[in-house]
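Residue-level structure breakdown
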Amino acid sequence: MDTQLIPAELAQQDTPGAASQIFLDSAGSSLPPSSVLDEVINHLRREAEVGGYRAFGERLDDMEAGYGLAAEFFGCSPDEVAFTDSATRSWLSILDAVPLGQGDRILTTEVEYGGNAIAFLNLAQQVGATVEVVPSGADGLIDLEALRDTLDERVKLLSLVHVPTNGGVVSPVAGAAAIAREAGALVLLDACQSIGQLPVTLEGTGADIITGTGRKWLRGPRGTGLLALRRDALDRLRPRLVDLAGATWTGRDEISLRDDARVFELWEYSVADRLGLLVALRYALDLGLDRVAASVTDRANRLRAGLEPLPRVTVRDLGEQPSGIVSFTVDGMAADDVKTALADRDITVTVSRVTSTRHDMTRRGLEQVVRASPHYFVADGQIDRAVDAVARL
């Protein structure tokens, strides 16, 4: 039986701003539900009334329950999840904890995100490791045979991106993860563009570590991040950037690190935003992640189908299983100009550039693409109006 879609009009009743504009940028920073907005603002007000420490103390039970909520989301145990102030913080903290030395190898893919690439290229140069790109096929998906052929005992890390920032492909990461883990490599999955639009679990993806953000498809506040890692992966990591949250000062010259995922948390963070993220997690789980995925796919497919026949418009998405990201170009018109022209019509899109996914876009001869990402709160009529606006360009 088909999964029932989320009615966009119903979702708009709980989404300030969704009805008054055509918002197609949930892959950038989505519109939060009213409940998320209320939670953040109410806690900030409470901090103003009694101070941050007391306001935090009043919500200790809710904060602790959040680990169980995140564990439900990722299909793991509460001691395998941690909260951070961004996906970037999660990713960098893990990368810094991977034991790397002279001659070690990091493998990445052609759809690697620019922020990730900068981090491990910088680290590799410092420790004498190398970074190598596993090629993709014509469909934009990682070549599993090429991955198998390049693995050896020197490969310490495989970096995978579940959904790239510049196009609609969903990478079948489980196959790649299984191959890499069998060879002894850690598998780090960037799920920034998949959590909140697709079910993402440690078991389902096969990854050792998953990083993600709250602000995109999950519809949480900016400045929030998530981290999930298998317990056996934690045993192989060497966290360095720890403070009072991740360790205890047990003696004059001694410390004791936490033995769970929270070793990667920092003591200071925005409590209001963390509470808002927990509400966003609960909101998504209550809707049903399969239902969310089906609804996002439906909206994106409608947009893609509307754009594909237009003269001068080329849809740039790859892969057999497209995601909620729809990327396209307009002949004779820069992507930035398309974005500006649509903004004049209250249609919000963004631009993805070669600096964000250099390997993939260079291979395809692209400098920029327009990126549209409709969530389940975007109505069919709004998508049709967006297609009409692109046609009029």
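About the cut-offs
Residues numbered from 1 in each chain as written. Predicted model: local features only at pLDDT ≥ 70, side-chain atom pairs only at ≥ 80, totals over all residues. Heavy atoms only, no water. Pairing = 2+ DSSP bridges. Helix = DSSP H or I, 4+ residues; strand = E, 2+ residues; numbered from the N terminus. Axes fitted to C-alpha atoms, helices over the stretch in contact; angles between N-to-C directions. Contact = heavy atoms within 4.5 Å. Expected span 1.5 Å × (residues − 1). Buried < 20%, exposed > 50% of the residue type's maximum accessible area, 1.4 Å probe, protein only. Core = buried A, V, L, I, M, F, W, Y, C linked by side-chain atoms within 4.5 Å. Phe/Tyr/Trp six-rings, centres within 6.5 Å; stacked < 30°, edge-to-face > 60°. Lys NZ or Arg CZ within 6 Å of the ring centre and 35° of its normal. Right-handed = clockwise from strand over helix to strand, strands pointing away.

1. Topic: the sheet that holds strand S6 (residues 186-190)
Taken in spatial order, the 7 strands line up as S2-S8-S7-S6-S5-S3-S4 in an open sheet, and their pairing is mixed. What marks the edges here is a single partner per strand, and that holds for strand S2 (81-84) and strand S4 (130-134). Taken over all neighbouring pairs, the strand axes of this sheet differ in orientation by 20 degrees on average, direction set aside. Bridge count between strand S7 (residues 209-213) and strand S8 (residues 225-229): 5 bridges; the pairing is antiparallel. Across the sheet, residue Ile 210 finds its bridge partner in S8, namely Ala 228. Across the sheet, helix H4 (residues 60-74) is in contact with S2, S7 and S8; its angle to S2 comes to roughly 110 degrees. Packing against the sheet, helix H6 (residues 114-127) makes contact with strand S3 (105-109), S4, strand S5 (155-161) and S6, and its axis sits at approximately 140 degrees to S4.

2. A closer look at the sheet that holds strand S14 (residues 350-353)
With antiparallel pairing, 4 strands are arranged side by side in an open sheet as S11-S12-S15-S14. Among the strands making up the open sheet, the edge pair consists of strand S11 (313-315) and S14. Taken pair by pair, the neighbouring strands of this sheet meet at an average axis angle of 40 degrees, ignoring direction. Here S14 runs beside strand S15 (residues 368-372); their pairing, made up of 4 bridges, is antiparallel. Paired with Ser 352 across the strands is Val 369, a residue of S15.

3. A word on H4
Three or four residues apart is the spacing at which side chains of an α-helix point the same way, because the helix has 3.6 residues per turn. For H4, which comprises 15 residues, the first-to-last C-alpha distance of 22 Å matches the rise-based estimate of 21 Å (1.5 Å per residue) to within 8%. For H4, the complete set of buried residues consists of Met 63, Gly 66, Tyr 67, Leu 69, Ala 70, Ala 71, Phe 73 and Phe 74. At the C-terminal side of H4, Gly 75 shows a positive phi close to 65 degrees.

4. Remarks on the nonpolar core
In terms of nonpolar packing, the biggest core is built from 43 residues, with Phe 74, Leu 147, Ile 210 and Leu 281 touching the most fellow members. Contributions of two or more residues to this core are made by H4, S2, helix H7 (144-150), S5, helix H8 (173-182), S6, S8 and helix H11 (271-287). The residues contacting Ile 210, other than those within four sequence positions of it, are Phe 74, Leu 189, Ala 191, Val 200, Thr 201, Leu 202, Thr 205, Leu 226, Leu 227 and Ala 228. Counting residues in hydrophobic clusters, the runner-up holds 42 residues, among them Phe 328, Ala 335, Ile 347 and Ala 386.

5. Quick look at the packing of aromatic side chains
Centre-to-centre distance and the angle between the planes together describe a pair of aromatic rings. All told, the structure shown has 6 aromatic pairs when counted by the stated rule. Ring centres of Tyr 376 and Phe 377 lie 6.2 Å apart, and the angle between their planes is 80 degrees; on these two criteria the pair is classed as edge-to-face. With respect to class, Tyr 376 is no different from Phe 377; both count as buried. Every member of this aromatic cluster is reached through a ring pair, and the members are Phe 23, Tyr 376 and Phe 377. The ring of Tyr 67 carries Arg 262 above its face, with NZ or CZ at 3.6 Å from the centroid. Taking NZ or CZ as reference, Arg 274 lies 3.7 Å from the ring centre of Tyr 269, over its face.

6. Considering the pairing of S5
For S5, the tally of buried residues reaches 6 of 7 residues, placing the bulk of the element in the interior. Note that S3 and S5 share 3 bridges and pair parallel. Its bridge partner being in S5, Ile 106 is matched across the sheet by Leu 157. Here S5 runs beside S6; their pairing, made up of 5 bridges, is parallel. Residue pairing in the sheet places Leu 157 in a bridge with Leu 186 of S6. Chirality of the crossover, the property in question, places the unit of S5, H8 and S6 among those that are right-handed.

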